[in-house]
Amino acid sequence: MAQLTDKSGRLDLGAVLEALVADGRVDAEQASTLMAVSVPGGSKREHPLVLIARHGWADQLHPSRQLTLEELSRWLAARFQMPYYTIDPLKVDVPAVTAVMSYAYAQRFNILAVEARADEVMIATDEPGVTEWQVELERILSKRITPVVANPEDIGRYLLEFYSLSRSVIGASQDQQQKFGGVQNLEQLMEMGRSGKLEANDQHVVNIVDWLLQYAFSQRASDIHLEPRREQGNIRFRIDGVMHQVYQVPATVMAAVTSRIKILGRMDVSEKRRPQDGRLKTRTPLGDEVELRLSTMPTAFGEKMVMRIFDPEVLVKDFSALGFSREEMGHWERLIAEPNGIILVTGPTGSGKTTTLYTTLKSLAQPEVNVCTVEDPIELIEPSFNQMQVQHNIGLDFASGVRTLLRQDPDIIMVGEIRDFETAEMAVQAALTGHLVFSTLHTNDAPTAITRLMEVGIPPYLINATVLGVLGQRLVRTLCPHCKQPGEVDEELWHSLVAPWKAPAPEQVQHPVGCLECRQTGYMGRVGIYEMMPLTSALKRLIHTDSDIEQLRREAIKEGMKPLRLNGAQKVAAGLTTLEEVIKVAPSHHD
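Before going into details, it helps to say that this report is about the structure given with it. Not measured: the values here are computed from a predicted model. (Residues numbered from 1 in each chain as written. Predicted model: local features only at pLDDT ≥ 70, side-chain atom pairs only at ≥ 80, totals over all residues. Heavy atoms only, no water.)

Describing the overall build of the protein
So the rule is basically this: Only DSSP runs of H or I reaching four residues or more are called helices, and only runs of E reaching two or more are called strands; each is numbered from the N terminus. Exposure categories follow from relative accessible area, calculated using a 1.4 Å probe and restricted to protein chains: below 20% of the type maximum is buried, above 50% is exposed, and the middle band is partly exposed. Residue contacts are defined here by distance: any two heavy atoms, one from each residue, within 4.5 Å place the two residues in contact. To measure how exposed things are, a 1.4 Å probe is used in the Shrake-Rupley method; for residues, cover is taken only from the protein chains shown.
Looking only at helices and strands, the protein features 23 helices and 20 strands. Over its C-alpha atoms, taken along the principal directions, the protein stretches across nearly 90 × 65 × 45 Å. Residues counted as buried form 52% of the 591 residues belonging to the protein. By sequence separation, contacts in the protein at least 24 residues apart represent 64% of the contacts at least 6 residues apart. Accessible area of the protein: about 27,600 Å², with a carbon and sulfur share of 50%.

See below:
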């Protein structure tokens, strides 16, 4: 192996370029041009791989690919016969790794502990030729040190991020300890909560909250959970529908962080015994405005807080971006073009119903149309709608909200959810008096929405007269476009998914792999799978007091409705998602 380092063990640009040319990765002419213009030494030495990556050269072994810093770092690891490590901040135990060594020491060698176990510490470096720190740390820690190579920019970024966060948590914890001493039990914690003396405006706490929000945005989280426990509080993110443990902080720091967020959300900081709702606006690292909905809940160890992050781009999406096929888009556009009637969107919590409704209303909210909504709570402020929030404490529920909206000269009404007879009755009245009404129902599929309306007390003849159609939906994770790979289809799994409809299996499907872009999960983002059931005259004949749900379902399929599983199978065949994802979320019906 050619020598890549100078006498101190650090990488030498000329030697690295020479080795890359020898390995057939870099063009010799490009390498000599870079050597001619690069200034050796200097007060601030730039890492050779960062310097090379900046030129964006094509990889001579794979001309269609670029020699990125990631690719160069992998090459370096292979050259030194060392493991390559991709730093996933969600999988790093920050308190444990920052306790391994001081920030000054880590910065001196540009190394970062990434895994800390009882007898071993894994440490990432971008200078594999420098080994003096390894001997020193093995002696100090009395643990085995496993060095790995990582991307130089990742090490620099997370070195700063992990240690500044750790410093803020330790600083906040010490501040609280000085004020209150150790919190030993639940009673003391509750007493502290009641006193309301936790200092939510301490700079350390402010730093933690700022980091938390920016980190959630960069990781594409949809929800942030702050969960108090006896000793430690858990911070978890929901990303693409899956929960991830992010960080643990002392219970006192968790209480101060929750108080800080309550202040930002204009909530009552001293009230910790009853649930509260709030909202706050902030900006992402890219400068985009983003809105968060806050919700607190009293638990045994203090207040649990959930922050729902609303992506402002949700409303800019068109129906194809939501997952509608061209055929489904045609059906949906015909339905929503009707002047009056009820259109229902069904599915469990978190299945994307609100996104579908907001996107639909946004497309309908022209200057000549009055769109009014009654919601619990208002999920996203949209200037082109007139939005009203349900407030049970003053008797303003969905039914009285719709009654109020009817006096507001609306063209289109959106009712957040039909939960009871009064709301359903008001929605029917609104449809009968010439309004287009959108609402949601928590049912497993589209046909069940009809029987649910009958269960809450709406007579079949009124359902036939007002309901235009039902859209059932779920969200499935989409495969990462950067790393998905074609492979064989699991015939057994495919047939278990589409058995009743006998859809032929595709020759190939895409499979998840995992890369930097998707944080090694193989998935990035989510898309809807839908079943659209317009109420045709044939279906209306089956809606009566003794309606059989299975008969309704069979007739709907005969009339052209593609069930959720079949729609999901089509997205699998198109290479958007996997069979496992569809089976996980779509209900099975054995006809």
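Points about a negative patch on the surface
Test applied: Note on patches: the residues involved have over 30% relative accessible area and no salt bridge, like charges join within 9 Å, and the nonpolar side chains Val, Leu, Ile, Met, Phe, Trp and Tyr join within 5 Å. In the sections that follow, a salt bridge refers to a side-chain nitrogen of Lys or Arg positioned within 4 Å of a carboxyl oxygen of Asp or Glu. His residues and chain termini do not enter the charge count, which takes Lys and Arg as positive and Asp and Glu as negative. A charged residue contributes its charge at one atom only: NZ of Lys, CZ of Arg, CG of Asp or CD of Glu.
A cluster of acidic residues, Glu488, Asp490, Glu491, Glu492 and Glu580, forms a negative patch on the protein surface. Tracing the backbone through its elements, the reader meets Asp490 in the loop between β18 (485-487) and α19 (491-498).

Examining the sheet that holds strand β9 (residues 276-283)
Our working definition: When DSSP locates at least two bridges between a pair of strands, those strands are taken to pair. Between the N-to-C directions of two axes lies an angle of 0 to 180 degrees, each axis being a line fitted to C-alpha atoms and, for a helix, fitted only over the stretch in contact.
Spatially, the six strands line up as an open sheet ordered β8-β7-β6-β11-β10-β9, and their pairing is antiparallel. Of all strands in the sheet, those with a lone pairing partner are β8 (242-250) and β9, marking the two edges. The mean inter-strand angle of the sheet, taken between neighbouring strand axes irrespective of direction, is 20°. Here helix α10 (residues 203-218) sits on the sheet and contacts β6 (221-227), β7 (232-239), β8, β9, β10 (289-299) and β11 (302-310); the angle it forms with β6, its principal contact strand, is near 145°. The sheet strands contacting helix α11 (residues 251-264) are β6, β7, β8, β9, β10 and β11, and the helix crosses β8 at an angle near 110°.

Here's the deal with the environment of Ala124
By the secondary structure assignment, Ala124 is in strand β4 (residues 120-125). Residues Ala124 and Arg108 lie 16 residues apart in sequence; the distance between their C-alpha atoms is 13 Å. Not counting the four nearest positions on each side in its chain, Ala124 is found in contact with Asn110, Ile111, Leu112, Val114, Val148, Ala150 and Ile155.

With respect to the nonpolar core
For the record, the criterion: Nonpolar cores are built from buried Ala, Val, Leu, Ile, Met, Phe, Trp, Tyr and Cys residues. Side-chain atoms within 4.5 Å join them into one set.
Met101, Leu226, Phe237 and Met307 are the most contacted members of the largest nonpolar core, which has 64 residues in total. Of all the elements, α10 adds the most residues to this core, at nine residues. Among residues more than four places away in sequence, those in contact with Phe237 are Leu90, Leu212, Tyr215, Ala216, Gln219, Ala221, Asp223, Ile224, Val242, Met243, His244 and Val246. Of all hydrophobic cores here, the second largest spans 40 residues; its members include Leu396, Ala431, Ala446 and Val470.

Note that all results are geometric; they support no functional claim without further evidence.
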